[in-house]
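Residue-level listing of the chains:
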Amino acid sequence: MKVHHIGYLVKKIEKAEKAFQELGYTVKQAVLLDEFRQVQICFMEKDGYIVELVSPVSKESVVSGLMKKLGNTAYHICYETDHMEEDLEKLLHKNYVLCSERHEAAALGNRQVCFLVHPYLGMIELLET
Ligand code: NI
């Protein structure tokens, strides 16, 4: 599995985008709305590192609870895999628990993703190549 991006929870996506630009990041994919998950998402890049900004747009958003609890913060690392099923199976045997079933990620060209939580490591995302 290879690191694909770092997910950042942000309250105000335009303001966060500007702040990342001030640090030298460039916009890789402009803000788009994921209606199903009720989040705005954009991707930014610096020195080969990709950061995903995720912002809830309603109380029904999948990250509303997290935002309340955590505020603005990095909250997951996404790993790209050629073998989603196999790697998922391995992780489930290593203390990870699925916290979001496989679904298509609108902001990632409808590629399959899922989220897992580990008791000592927090949240990770798997992204099918
Ligand atoms: Ni992500």
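Cut-offs and rules
Residues numbered from 1 in each chain as written. Predicted model: local features only at pLDDT ≥ 70, side-chain atom pairs only at ≥ 80, totals over all residues. Heavy atoms only, no water. Donors = N, O, S within 2.8 Å, 3.2 Å for Na, K, Ca; no water. Tetrahedral: all angles 85-135°; square planar, octahedral: opposite > 155°, others 65-115°. Buried < 20%, exposed > 50% of the residue type's maximum accessible area, 1.4 Å probe, protein only. Phe/Tyr/Trp six-rings, centres within 6.5 Å; stacked < 30°, edge-to-face > 60°. Helix = DSSP H or I, 4+ residues; strand = E, 2+ residues; numbered from the N terminus. Pairing = 2+ DSSP bridges. Axes fitted to C-alpha atoms, helices over the stretch in contact; angles between N-to-C directions. Contact = heavy atoms within 4.5 Å.

Here the focus is the coordination of the nickel ion. Looking at the metal site, the nickel ion is ligated by His5 (NE2), Glu52 (OE), His76 (NE2) and Glu125 (OE), spaced 2.0 to 2.1 Å from it. Around the nickel ion, the 4 donor atoms sit at angles spanning 88 to 176 degrees, and that spread fits a shape best called irregular. According to the relative accessible area criterion, Glu52 is buried, its value standing at 4%. Taking the relative accessible area as the measure of exposure, His76 reaches 3% and is therefore buried.

Another point: the packing of aromatic side chains. Inspection of the entire model under this criterion finds 2 aromatic pairs. On the numbers, 5.1 Å between centres and 85 degrees between planes, the contact of Tyr8 with Phe20 is edge-to-face. Taken as a pair, Tyr8 in strand β1 (residues 2-9) and Phe20 in helix α1 (residues 13-22) lie far apart in primary sequence, 12 residues in all. Owing to a relative accessible area of 9%, Phe20 belongs among the buried residues under this scheme. Aromatic pair Phe20 and Tyr25: ring centres 4.9 Å apart, planes at 80 degrees, arrangement edge-to-face. Classification of Tyr25 as buried rests on a relative accessible area of 17%.

This part is about the sheet that holds strand β3 (residues 39-46). Strand order in the open sheet formed by 8 strands is β2-β3-β4-β1-β5-β8-β7-β6, and the pairing between neighbours is mixed. Of all the strands in the sheet, just β2 (26-34) and β6 (97-105) have a single pairing partner and so form its edges. Neighbour-to-neighbour, the strand axes of the sheet open up by a mean angle of 25 degrees, direction not taken into account. Set on the sheet, α1 makes contact with β1, β2, β3 and β4 (49-56); between it and β3 the angle comes to about 5 degrees. In this fold helix α3 (residues 84-92) packs onto β5 (73-81), β6, β7 (111-118) and β8 (122-128), with an angle of close to 10 degrees to the strand it touches most, β7.

Glancing now at unusual backbone geometry. Both trends apply: most residues other than glycine have a negative phi, and most peptide bonds are in trans. One non-glycine residue, Gln38, lies in the positive phi region at around 55 degrees. Take Gln38: it is sitting in the loop between β2 and β3. You will see that Asp47, though not glycine, has its phi angle at about 50 degrees, which is positive. Take Asp47: its relative accessible area is 64%, and that puts it in the exposed class.

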